Amino acid sequence: MEPTPPREQTAENPTQPAPAQAHAARPVSDMSPAEFRKHGYAVIDWIADYLDAPEKWPVLPAVHPGDVRRALPQSPPQRGESMDEILADFQRLIVPAVTHWNHPDFMAYFANSSTAAGVLGEALSAALNVNAMLWRTSPAATELEFLTLDWLRQMLGLPEGLFGTIGDTASSNTLYALAAAREMHPELRIREEGMSGRADLPKVVIYCSEEAHSSVDKAVMTLGFGLEALRKIPTDSGLRMDVAALASAVESDVRAGRVPLAVVATVGTTSTTAIDPVLAIAEVCGKHGMWLHVDASYGGTAAILPEMQHVLHGCDRADSLVVNPHKWLFTPVDCSALYTRRPDLLKRAFQHIPDYLIVSEGESVANLMDYGVALGRRFRALKLWFVIRNFGVEGLRSLIREHIRIAHLLGDWIDADPELERMADVNFSTVVFRHCPPGMRGRELDDHNSRTLAKVVAGREVYLSHTRVRGSYALRIAIGNIHTTEGHVRRALELVKEAARTY
Ligand SMILES: Cc1ncc(COP(=O)(O)O)c(C=O)c1O
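Residues numbered from 1 in each chain as written. Predicted model: local features only at pLDDT ≥ 70, side-chain atom pairs only at ≥ 80, totals over all residues.

## Quick notes on the overall build of the protein
The number of helices and strands found in the protein is 15 helices and 13 strands. The C-alpha atoms of the protein give 25 Å as radius of gyration, which agrees with the globular expectation for 503 residues (23 Å, within 12%). Along the three orthogonal principal directions, the C-alpha set of the protein runs to about 80 × 65 × 45 Å. Contacts in the protein between residues at least 24 apart in sequence constitute 72% of all its contacts with a sequence separation of at least 6. (Helix = DSSP H or I, 4+ residues; strand = E, 2+ residues; numbered from the N terminus. Rg over C-alpha atoms; globule rule 2.2 N^0.38 Å. Contact = placed C-beta atoms within 7 Å.)

Now the structure itself:
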């Protein structure tokens, strides 16, 4: 293909002003529609092949820290380069250095996948390039966000009337929920006076289980409560929050004159996918006027299956709940849904309107900028709307159901294998286990599993990650990729056993 650098301004295209100084480079214009078509078709062809068979590349790249950066020019080009050159570098230098989350053998963390409909939605939102800060700055982006999240709410069996917005991540959304919780106490005047240097402010306390995600710690750090304000409640034998321990921690804080503000319950913990007893936690919250936030960022998606609705039992009592379509609903990163029944408090936490953003619609519309830190809002709803429409609720259910089926099968294989030990219940699509040579225990067993995982990862055929279960090292196989089949999971388990014998 002939190189096609950006077009320089010519006499046939006089819409741009003349350069101010003779030595200045003449303004260039964007690539022509013909060029865009040419490269656009090439990119779509590439994506179509990639999404069809991401396993053309190893799931983990063979790179060392700094390799990618060293392979690229260290300063920007002064003159435009052709898209042919840029795309060639993308294929030659970038793709081989990517960890392929779309790969069926990606089973680390919470595996996920992009899908064609989601990619098309993402491309179109980049093309439209709207900033949905105000309803007026893109009515369709604002209204589609509310509509799509209402569809998702119905799919999840959550109560009517919940207000939902889309943010970048569960971490941001949990922070927003706790900022809203803080506004339950306007008498503390935190919005106005802040928290620092105030002898009049009581200690405000937040609770989550020992198994809650680190985003809760980050939220309390960022919001100025401080890590010491976060009570990590012990868990029961199933690694679920112990509600009796929660109730007694809250009561002791009340007796000490502290203000119990909020509980973060988790549906699908990061380590073992445990499900906190949300209904019982809601009772404690109700008794003490606390905000209940549910982190269902991974596990919540399962509730689109009628037979898994129970995982959100009690969540109708939550003040807020986060679920991530970018984790297990085949929507490209980033897309995290935050629901709340107190949008008034979310708004009180974040609304701050300078003169230049005042619009005549007033309170007749919802402006997304009022519900978080960011002014600018991406048109994230488009890709989620595409995914839900393209697969349909039944299609999405069939995918999630299959992942759960494979996870249970894997659990059965592990249970039947004397070399292996399952370390947690299989609640969703993630299985936690370890390799147990006879007679090995304690630190030696931890090291053995850590070495086993290192060997598996070094092989680059499958990507698994680890966790600790009550202090013991454990391996995780997370199934969330649209391409992952029973065969891939069987092979992953064989690789673990092989690595355990040969590291
Ligand atoms: C239970 C849970 N909550 C929150 C998060 C953070 O998600 P995000 O990357 O969207 O911030 C994770 C990440 O895996 C998680 O497992």
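From this point, the narrative continues.
## Quick look at the site of the ligand
Taken together, 15 residues are adjacent to the ligand, and Thr-169, Ala-170, Ser-171, His-213 and Thr-270 come closest. Of the residues contributing to the shell around the ligand, the split by class is three nonpolar, eleven polar and one charged. (Near = placed C-beta within 6 Å. Nonpolar A, V, L, I, M, F, W, Y, C, P; charged D, E, K, R; others polar.)

## What about the domain arrangement of the protein?
Parsing the protein into structural domains produces domain 1 (32-60 + 99-114 + 392-503) and domain 2 (131-378). Tallying the contact residues gives 21 residues for domain 1 and 21 residues for domain 2. Contributions of two or more residues to the side of domain 1 that touches domain 2 are made by helix H13 (381-416), strand S11 (430-435) and strand S12 (465-469). Counting residues per element, the side of domain 1 that touches domain 2 draws most heavily on H13, which supplies seven residues. For the side of domain 1 that touches domain 2, the residue count by class is eleven nonpolar, seven polar and three charged. (Domains from an automatic or database assignment.)

## Notes on helix H15 (residues 486-502)
In this model H15 runs 24 Å from its N-terminal to its C-terminal C-alpha over 17 residues, within 8% of the 24 Å that 1.5 Å per residue would give. Every buried residue of H15 is listed here: His-488, Val-489, Ala-492, Leu-493, Val-496, Ala-499 and Ala-500. All buried residues of H15 project into a common sector of 140° when viewed along the axis, lining one side. The outward face of H15, more than 90 degrees from its buried face, is lined by the exposed residues Gly-487, Glu-494, Arg-501 and Thr-502. On its buried side, H15 packs onto H13, S11, helix H14 (442-459) and strand S13 (472-478). (Expected span 1.5 Å × (residues − 1). Buried ≥ 20, exposed ≤ 12 C-beta atoms within 10 Å, placed from the backbone. Arc of directions from axis to C-beta.)

## Points about the packing of H14 against H15
At a minimum axis distance of 8 Å, the contact between H14 and H15 shows a crossing angle of 115°. Where H14 crosses over H15, the handedness of that crossing is right-handed. Between H14 and H15, the residues in contact are Thr-452, Lys-455, Val-456 and Gly-459 and Leu-495, Val-496, Ala-499, Ala-500 and Thr-502, respectively. Residues belonging to the contact of H14 with H15 are distributed by class as follows: five nonpolar, three polar and one charged. (Axes fitted to C-alpha atoms, helices over the stretch in contact; angles between N-to-C directions. Left-handed = near helix turned anticlockwise from the far one by under 90°.)

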